[in-house]
6 protein chains.
Amino acid sequence: MMRLQVPGYEFLSQGSTLHYSFSGSGVNVLSALARFGHTGSLVSTLPDNPVGAAAVAYLQKLGISPSYINRSGNYVGMYFLENGFGARPSRVTYSNRLESSFNTAGEGTYEFEEIAKKHDVVHFCGITLAMNDSVRQLMKSFAKAVKDNGGTVVFDCNYRPSLWGEGGYEKAKSHYEEMLYLSDIVMMNEKDAMFVLGMKTEKKERQEQVMDLIPEVAKKYEIPVIAGTNRSVNEDNTHSLCGFLYKKQSFTFSKTFTFSVYDRIGAGDAYTSGIVHGELERFPPEKTVTFAAAAGMLTHTVVGDTLMSSENEILRAMTESVDDIER
Amino acid sequence: MMRLQVPGYEFLSQGSTLHYSFSGSGVNVLSALARFGHTGSLVSTLPDNPVGAAAVAYLQKLGISPSYINRSGNYVGMYFLENGFGARPSRVTYSNRLESSFNTAGEGTYEFEEIAKKHDVVHFCGITLAMNDSVRQLMKSFAKAVKDNGGTVVFDCNYRPSLWGEGGYEKAKSHYEEMLYLSDIVMMNEKDAMFVLGMKTEKKERQEQVMDLIPEVAKKYEIPVIAGTNRSVNEDNTHSLCGFLYKKQSFTFSKTFTFSVYDRIGAGDAYTSGIVHGELERFPPEKTVTFAAAAGMLTHTVVGDTLMSSENEILRAMTESVDDIER
Amino acid sequence: MMRLQVPGYEFLSQGSTLHYSFSGSGVNVLSALARFGHTGSLVSTLPDNPVGAAAVAYLQKLGISPSYINRSGNYVGMYFLENGFGARPSRVTYSNRLESSFNTAGEGTYEFEEIAKKHDVVHFCGITLAMNDSVRQLMKSFAKAVKDNGGTVVFDCNYRPSLWGEGGYEKAKSHYEEMLYLSDIVMMNEKDAMFVLGMKTEKKERQEQVMDLIPEVAKKYEIPVIAGTNRSVNEDNTHSLCGFLYKKQSFTFSKTFTFSVYDRIGAGDAYTSGIVHGELERFPPEKTVTFAAAAGMLTHTVVGDTLMSSENEILRAMTESVDDIER
Amino acid sequence: MMRLQVPGYEFLSQGSTLHYSFSGSGVNVLSALARFGHTGSLVSTLPDNPVGAAAVAYLQKLGISPSYINRSGNYVGMYFLENGFGARPSRVTYSNRLESSFNTAGEGTYEFEEIAKKHDVVHFCGITLAMNDSVRQLMKSFAKAVKDNGGTVVFDCNYRPSLWGEGGYEKAKSHYEEMLYLSDIVMMNEKDAMFVLGMKTEKKERQEQVMDLIPEVAKKYEIPVIAGTNRSVNEDNTHSLCGFLYKKQSFTFSKTFTFSVYDRIGAGDAYTSGIVHGELERFPPEKTVTFAAAAGMLTHTVVGDTLMSSENEILRAMTESVDDIER
Amino acid sequence: MMRLQVPGYEFLSQGSTLHYSFSGSGVNVLSALARFGHTGSLVSTLPDNPVGAAAVAYLQKLGISPSYINRSGNYVGMYFLENGFGARPSRVTYSNRLESSFNTAGEGTYEFEEIAKKHDVVHFCGITLAMNDSVRQLMKSFAKAVKDNGGTVVFDCNYRPSLWGEGGYEKAKSHYEEMLYLSDIVMMNEKDAMFVLGMKTEKKERQEQVMDLIPEVAKKYEIPVIAGTNRSVNEDNTHSLCGFLYKKQSFTFSKTFTFSVYDRIGAGDAYTSGIVHGELERFPPEKTVTFAAAAGMLTHTVVGDTLMSSENEILRAMTESVDDIER
Amino acid sequence: MMRLQVPGYEFLSQGSTLHYSFSGSGVNVLSALARFGHTGSLVSTLPDNPVGAAAVAYLQKLGISPSYINRSGNYVGMYFLENGFGARPSRVTYSNRLESSFNTAGEGTYEFEEIAKKHDVVHFCGITLAMNDSVRQLMKSFAKAVKDNGGTVVFDCNYRPSLWGEGGYEKAKSHYEEMLYLSDIVMMNEKDAMFVLGMKTEKKERQEQVMDLIPEVAKKYEIPVIAGTNRSVNEDNTHSLCGFLYKKQSFTFSKTFTFSVYDRIGAGDAYTSGIVHGELERFPPEKTVTFAAAAGMLTHTVVGDTLMSSENEILRAMTESVDDIER
Ligand SMILES: [Ca+2]
Ligand SMILES: [Ca+2]
Ligand SMILES: [Ca+2]
Ligand SMILES: [Ca+2]
Ligand SMILES: [Ca+2]
Ligand SMILES: [Ca+2]
Ligand SMILES: [Ca+2]
Ligand SMILES: [Ca+2]
Ligand SMILES: [Ca+2]
Ligand SMILES: [Ca+2]
Ligand SMILES: [Ca+2]
Ligand SMILES: [Ca+2]
Ligand code: NI
Ligand code: NI
Ligand code: NI
Ligand code: NI
Ligand code: NI
Ligand code: NI
Ligand code: NI
Ligand code: NI
Ligand code: NI
Ligand code: NI
Ligand code: NI
Ligand code: NI
Ligand code: NI
Ligand code: NI
Ligand code: NI
Ligand code: NI
Ligand code: NI
Ligand code: NI
């Protein structure tokens, strides 16, 4: 998507300039993995006009290969971002999301078989499931192709209530289940289990709900790795973030990071990237989950939706006390 | 529409900021007339979100009353502008035009009868005719209501080939004819007569074509006032502009202005505004047409789509030699 | 006034650009009330030059009608703002305040009788009393006209020591008393009562002083509604704000809000606007005073002197926990 | 003065930022002479507040010593600049000129005797004569002190009709005459001779008027050196500039430079600086007048009011063809 | 190199911000060829620090593969650019050129044999010859490897007098000759032949010198294709550009383009890119040379050193009259 | 040095603009002392090109005399600054430090004897000792000349491990000792004593180490005044700063300031400036050390490396509670 951000803390009705960049769940994860030394391509559609060209240039800058980007349709999905401050929340206003080139690309647009053969891991985002039937169909076909070719399917549930509308959980359930059956690494939390999948627990605490439900999900859908976060906004406007990783019937938790926030968007995708990187590099679970949580923390301090830290910088953020300047 | 302009002369794929403003044919004409001392309202639809709120604030700043702006739908139509320089043309890329709140507003959105009763003059833009059946229908109903209530209908043909697509002239003809029959002041040129209305002439020169065809149009559709311009881009990147006014079976031409160009967008609407102002103020035709042409010229020197000069500044531009500084 | 702000945290002697906007106590209150759904006009004077034109455009953008703005005189009052940070206070430097068009407008400039007839509520700011005899005279005449025509007089004491100079309290007292006798809603605190009106109390705590003195003021000057705030700057650079409302011999206090601050200017006027809105809408006192305090809090988070939040956003800030993003 | 310029080509009512700098006839001349290797001080008054401090910092940056700047009063005179483009003239709007610290500084502010003793040349600007009696008196006292101490008095007539108002020429004449009797180098043109000094000529062409009147002025007021320019704005928005120098009963003319213009303000002061530098360095008259004209030309290409070119760059501009890049 | 440009037309001593980008002869040619549909890699060295990382990101954005960029050394070569205007030339100030990572990379840094095997065409720039012995040696080894592997060597003479210093032509000659013997496509003009190669001609006109000397060069050094331009700066600040192509004993000339200039840097490399593209695509010589010249022209209108136009936009610039807006 | 800072919180690889200024330990101390009413000159070397000219202009703006700045060599040392946020540290990347004009200036560049005669106090920075033999030699000669002429030598140890490399402490020791023997006021802390000078203590707490070692240093090297700070970064990203002053065998400590941080660079030099000012003005030790610590604190709140507060503002920061706005 094209992110159109009012600089500083003005509202759209106060300012006259916007800062733009391009992001999206897939872009963020691919870019982070590129920064960690992997190579990857975005499978998407962008219009063959100057806006699409700017998006491609931006993705290239992030280290993402444009080889599988189809150029057709008319629009890039957009969102306007007005930064909040303290007691005043940020505001996100979408434009042209449903009519984007990605959402209007028809069957046969992508060569999933070929792509699946050439890649070890493919990341899917649950937001796509909320778009339309055609896109949902493409997504599932792609996941099946990956599965059939022995690749790893990463699926981030990312359920967004405002996109599914009223009665959304029922509409969403079967689509989510189809994806979960195909998935090897799933990003989710206790709310997804309770609301989207309709599972029950008698626990009241989030942590307990997680420990109750996630193993059940893993078992039912045969998912080798499930990871997620417990995030909270503190009274002094700091955030706290604690990650979990469930694998081989066992939970691992990161330490709880508490930190000041500059731009919270993208933290979830950074966490996902950390989990995927840890799994690919066969980090021990403690290292993977803390690496992912530290990646999520650092992305709260970075302009834009995309993790910009190197593996080394994340490792340092896991273990060292804060320096104020590195010379 | 929301104008999203890359500052300076960079391409979208080079820059990272956009300058935004809100415009549109109606906005430009209303704002110019407000600057000349008239009062007026925009009849349109904008979304009830921060982008719509920014648009309303901008219109108010231009002196336009928002009383008849309906707040519904999802989007503001947008265009990206990359400034050209010399041999390199500017590029305009539209986004979300067809899905805008204006274009998706249904029947019964506006109280045309009430509005028509309260206003002396209403301006319509031919671009609207290219959108969809529903909007076309609303436009014609409004024009009829104005006519029925004794108001003046201003219609700017503004035929845009890219919007009508292949076979566009045939598709457009009947819609244009309906509007022309209802109109009191029409902005058009010889190309509209030949291509949209299918009229014939044996003349080869533009000026002669104008003198041959415009009287025929005025007669056939019973239009009291027709005005238009002859515009050209010179080799040294200056533009030339000469206006005509046809009224009471007689042509009046402005002097030909030749001038440097900073931002050509909006010049046509500034010319329209000058014609409407001249007619409302009962200027003699020579003054009206030269005032309109000078308004068009000055709008080539102004950032944005909207005339920003006062009546006095335009009068001075008609008659005086160029000052370099006014202290 | 024209606010000329150095962007970021540079001093005037470091930077080279200024961000400008237009504000003032009346502008801020009118704009906030417009945002809450009321309509209103500024009664003031601005020069008939490009600076005055920019001010008018800005006021229109804020939703304020310029119908009663007289265009004469030479200057717009200005202030330069250099943002402080933490232990370093912000600096405000005035320019051209005394010689502004507003302050040099003579008798007969405004049609107070006509304006008073057409409006239900008029807001007056105590800063005006500090300017000069002529302006003071105009202010009192206007307040009398409002009173005579059955309108509501809102008066914000806003005593600024630096404007009245040495022996200021004595100079100010009679002017303040004249206004208080005419007022229906008064914004003040215990300091105004003690220093400007010379009242005595044996209490030492601010809260007790308020509860001791405000009823006395209400009684002596026959003021139906008095409201004010208790504000403090905390060690960690957060601010705390608690409002009071005295009406029908009874005090109501808001909850105490504690919050991070981006731009504190305008918070007092936002509080005033909340009180006026609550009274006009006949909110119960608890709702009025908490609404006003939340409006004051949010204005600490907003760029510029003027409240930019909708009624809904303020209501949410009163009752909900902080969201970090609204999508 | 503080120059507050809207960036690019927007009007004040369109933009939201200003670019500020500090200038004035004396500042411009001193800064240019500093760039040519001389040292000099500004004799003026600035307020002891952050605006005054920013002005001092800026003057220091230009190489001007602040030793004789008095810090008192309240304001720095200001002007807003909106850049014109092509057929649209630039607009200058003054603020706070008459009430500035410089214009309200009283008798005894400056130690003219001491300053005169320590300096060889002092530059005076005719704009000061238009301010008020007190400032005029200070100016004449200073000029007399310079004269009495054997220094060179430079006087730039710089008659500004808008400052003197109606009947201005009569009001101004005696003040100008007093200064001319004291001057050694005078900047003026034929209009000053005809309108301010009331001299007569039967010539119609500017060049002939110059050749007729300037020798008469030199004789009557016993002025060793008179210099000035013939400037014109061409149809293609280029400017032309030709300088003259009258000395020892003989005229010398520069070649006529024709050039594109970026920011014309300050060109007159750059020309003055070139003449003064040529005289101080005892350049032959041909070199002096062409150096001054080239300095004036280059200042048309420079942002701000102040010449920024070195002596070498000006010498190159006199003699060489235009390079496009210097590496 | 890192280009650090003062925005607008200020000098470094006036401004406080710089606009940065990364370029260089090789970067410009590779980026242009990527835009024309080819793929390519930069063979260079950049430091392993945030400046090097920013350079890599920028190159990726331009569509250049970083696979053969070595990360070592300390610096990126830099240049500061102050834009000239009209009579005032632009100024380029180099920093850290000689100490850059590229210039300090030692023998064995690059795998020339491998790279040569994988690429059809390699572009070399004569500026490199002026740096130091080590870099010169690397360059020649690389060219030999390309030659030995059947690749095409493109060599742009790009002789820069200021880099070679006094007696530069003698110092340079043998290095240039070595490269010319290895080259298949050479960019040069008559001056290179006369001054660097020491050839003689009795012709006085540039065009005649070209026609006299280039065939001699082609013969002596056995170069299949030689191309170059005749460039001039006109009095009205437009530039003119006419290209030539010498191939199979025959000259082809482009039409002479005359055009306004926004940022002339990079035009030579754009011309080179056009010639290389034409040869790779086997365009007829007329098309190749005019395509190259149009590419050079358009790069004068583009911010930065790098051609940003597509093949289609260049083809349109060759044949069509100028549009002012493309919608 | 030239400071090239990415605005806001972007990385170099995200942004496209830099904010530049000029600083350095000597610049910062001189500028602060100028702000406190002293006059001083920088003794350094800058290139005779536009970058050097911009540096000179900047120093002048800060109130520093350029009389002893030699203009030769090629470069100004530079550093890039990417601001950190919270858990993400700032990053400083040097460029061209070793090859700068300052570091390549040879023997005989400066007239130390003359300068020493004309100045009471000269400040030296330990960073210079890490550069090269030639610069070290110049530094020591200068210090000797100051000593010989009865001036006060101020020496700030400022040991930077990354500049000295491996085995740095041994390399540095003798150079530091030479300077310490010549010094009258030394800025250092317990680490310098332990690591650079190789002194031993059995204490574990920093405060105790200071009290153990500093008197030993003062005695051994006969240093009348030693001052330094104890600085820490707190968990909530605030910093704490406590200064000490050792003089006449007695320690004085400032109160511990805890404060929010905007731009920490330059705080050490501000502290040094406060100590030097206190000594020059013969403040009592309590006042000197608290003044210096408050100066250090305020410089954490100021953009750039250089203290921008007046003596009065620092005095207020020592004693008063925090104001939020000064009108
Ligand atoms: Ca972020
Ligand atoms: Ca996410
Ligand atoms: Ca325009
Ligand atoms: Ca139009
Ligand atoms: Ca505020
Ligand atoms: Ca207030
Ligand atoms: Ca200028
Ligand atoms: Ca002048
Ligand atoms: Ca270019
Ligand atoms: Ca080139
Ligand atoms: Ca700082
Ligand atoms: Ca330091
Ligand atoms: Ni703004
Ligand atoms: Ni995802
Ligand atoms: Ni968070
Ligand atoms: Ni850019
Ligand atoms: Ni129209
Ligand atoms: Ni035009
Ligand atoms: Ni700055
Ligand atoms: Ni008020
Ligand atoms: Ni507050
Ligand atoms: Ni703007
Ligand atoms: Ni002057
Ligand atoms: Ni001029
Ligand atoms: Ni500037
Ligand atoms: Ni090249
Ligand atoms: Ni050129
Ligand atoms: Ni950016
Ligand atoms: Ni130091
Ligand atoms: Ni600190």
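The preceding data block contains the structure.
Residue indices follow the written sequence of each chain, beginning from 1 at its first position. All chains are assigned letters beginning with A, and all ligands numbers beginning with 1, in the order in which they are written. Side-chain atom pairs in this predicted model are given and counted only at pLDDT of 80 or more, local residue features only at pLDDT of at least 70, and totals for whole chains, interfaces and linings cover all residues. Hydrogens and waters are ignored; side-chain quantities use all the structure's heavy atoms.

Some words on the pattern of salt bridges
We define a salt bridge as a side-chain nitrogen of Lys or Arg found within 4 Å of a carboxyl oxygen belonging to Asp or Glu. Across all of its chains, the model carries 78 salt bridges over all chains by this definition. Across the salt bridge formed by Arg91(A) and Glu82(A), the nearest N and O atoms sit 2.9 Å from each other. Ionic pairing is found between Glu178(B) and Lys140(B), a salt bridge with its closest N-O pair at 2.9 Å. Separated by 38 residues along the polypeptide, Glu178(B) in helix 7 (residues 168-182) and Lys140(B) in helix 5 (residues 133-148) bring together distant segments of the chain. Overall, the relative accessible area of 34% leaves Glu178(B) in the partly exposed class. Each residue is assigned to one of three classes by its accessible area relative to the maximum for its type, calculated with a 1.4 Å probe on protein chains only: buried under 20%, partly exposed between the two thresholds, exposed over 50%. A relative accessible area of 4% places Lys140(B) in the buried class. The helix and strand labels rest on DSSP assignments: H or I over at least four residues marks a helix, E over at least two residues marks a strand, and numbering proceeds from the N terminus.

Some remarks on a negative patch on the surface
Together, Glu235(A), Asp236(A), Glu235(C), Asp236(C), Glu235(F) and Asp236(F) make up a region of like negative charge exposed at the surface. Here Glu235(F) is to be found in the loop between strand 10 (225-233) and strand 11 (239-247). Glu235(F) sits in the exposed class, given a relative accessible area of 83%. Exposure above 30% relative accessible area and no salt bridge define the residues that can form patches, which grow by joining like charges within 9 Å and nonpolar side chains of Val, Leu, Ile, Met, Phe, Trp and Tyr within 5 Å. Here the Shrake-Rupley method, with its probe set to 1.4 Å, supplies the accessible areas, and only the displayed protein chains count as covering residues. Charge counting treats Lys and Arg as positive and Asp and Glu as negative, with His and both chain ends excluded. Charge positions are represented by NZ for Lys, CZ for Arg, CG for Asp and CD for Glu.

Comments concerning the state of the cysteines
By disulfide we mean two sulfur atoms from cysteines, separated by a distance within 2.5 Å. For the coordinates displayed, the defined rule picks out 0 disulfides over all chains. No disulfide involves Cys157(B); its nearest neighbouring cysteine sulfur is the one of Cys125(B), lying 9.6 Å away.

A look at the coordination of the nickel ion (ligand 19)
Donor selection uses N, O and S atoms within 2.8 Å of the metal (3.2 Å for Na, K and Ca). Since no water is included, sites may look incomplete. Bound to the nickel ion (ligand 19) on the protein side are Glu10(C) (OE) and His19(F) (NE2), at distances that span 2.0 to 2.3 Å. One end of the pair, Glu10(C), is in the loop between strand 1 (2-6) and strand 2 (17-22); the other, His19(F), is in strand 2 (residues 17-22), on a second chain. Assigned by exposure class, Glu10(C) and His19(F) land together as buried.

With respect to the pairing of strand 10 (residues 225-233) of chain E
All names here are of chain E. Relative to strand 10, strand 9 (residues 185-187) runs parallel, the two being bridged by 3 bridges. Looking at the pairing, Val186 lines up with Ile226 of strand 10. Between any two strands, pairing holds if DSSP finds at least two bridges. The pairing of strand 10 with strand 11 (residues 239-247) spans 9 bridges and is antiparallel. Residue pairing in the sheet places Ser232 in a bridge with Ser240 of strand 11. Hairpin connection from strand 10 to strand 11: 5 residues lie between these consecutive antiparallel strands, with Asn237 at a positive phi of about 70 degrees.

Considerations on the environment of Val153(E)
Residue and element names in this part refer to chain E. Its place among the elements puts Val153 in strand 8 (residues 152-156). Residue classification places Val153 among the buried residues on the basis of a relative accessible area of 0%. Along the primary structure Val153 and Phe291 are separated by 138 residues, whereas in three dimensions their C-alpha atoms are 21 Å apart. Whether two residues touch is decided by their heavy atoms; if any such pair falls within 4.5 Å, the residues are in contact. If we ignore the near neighbours within four places in the chain, the residues touching Val153 are Val122, Phe124, Ala143, Val146, Lys147, Leu182, Ser183, Asp184 and Ile185.

Focus: the sheet that holds strand 6 (residues 90-95) of chain A
The sheet built from 10 strands is open, its strands ordered 14(C)-6(A)-5(A)-1(A)-2(A)-2(B)-1(B)-5(B)-6(B)-14(E) with mixed pairing. The sheet is open, and its two borders are formed by strand 14 (325-326) of chain C together with strand 14 (325-326) of chain E, each paired with just one other strand.

Some remarks on the interface of chain A and chain B
Of the residues lining the interface, 29 residues belong to chain A; the matching set on chain B comes to 29 residues. Here's the idea: put two parts together, see how much 1.4 Å probe accessible area each one loses, and the total over both is what we call buried area. Carbon and sulfur atoms supply 65% of the area buried between chain A and chain B, which totals about 2300 Å² over both sides. Linking chain A to chain B there are 0 salt bridges. Pairing of N or O atoms within 3.5 Å defines a polar contact, subject to two protein rules: one partner must be a possible hydrogen donor and the other a possible acceptor, and residues neighboring in sequence count only if both atoms are side-chain atoms. Inspection of the region where chain A meets chain B yields 9 residue pairs in polar contact (both at pLDDT 80 or more). Contributing elements (two or more residues each) for the side of chain A that touches chain B: strand 1 (2-6), strand 2 (17-22), helix 2 (50-61), strand 5 (78-82) and strand 6 of chain A. Among the elements that make up the side of chain A that touches chain B, the one with the highest residue count is helix 2 of chain A (5 residues). Where strand 2 of chain A and strand 2 (residues 17-22) of chain B come together, 3 bridges link them in antiparallel fashion. When the sheet's bridge partners are listed, Leu18(A) is paired in strand 2 of chain B with Leu18(B).

With respect to the coordination of the nickel ion (ligand 29)
Residue and element names in this part refer to chain F. The protein atoms donating to the nickel ion (ligand 29) are Ser25 (OG) and His123 (NE2), with metal-donor distances spanning 2.3 to 2.6 Å. Taken as a pair, the nickel ion (ligand 29) and the calcium ion (ligand 12) show a spacing of 5.6 Å. One end of the pair, Ser25, is in helix 1 (residues 25-35); the other, His123, is in strand 7 (residues 121-125), and 98 residues separate them in sequence.

Here's the deal with the sheet that holds strand 6 (residues 90-95) of chain D
Overall, mixed pairing links the 10 strands, which are arranged 14(B)-6(D)-5(D)-1(D)-2(D)-2(C)-1(C)-5(C)-6(C)-14(F) in an open sheet. Single-partner strands in this sheet number two, and they are strand 14 (325-326) of chain B together with strand 14 (325-326) of chain F. The sheet contact formed by strand 5 (residues 78-82) of chain D and strand 6 of chain D spans 5 bridges and is antiparallel. The residue of strand 6 of chain D that forms the bridge with Phe80(D) is Thr93(D). For helices, the fitted line uses only the C-alpha atoms of the stretch in contact; every axis is such a line through C-alpha atoms, and the angle between N-to-C directions lies from 0 to 180 degrees. Helix 2 (residues 50-61) of chain D contacts strand 5 (78-82) and strand 6 (90-95) of chain C together with strand 1 (2-5) and strand 2 (17-22) of chain D of the sheet and is inclined by roughly 60 degrees relative to strand 2 of chain D.

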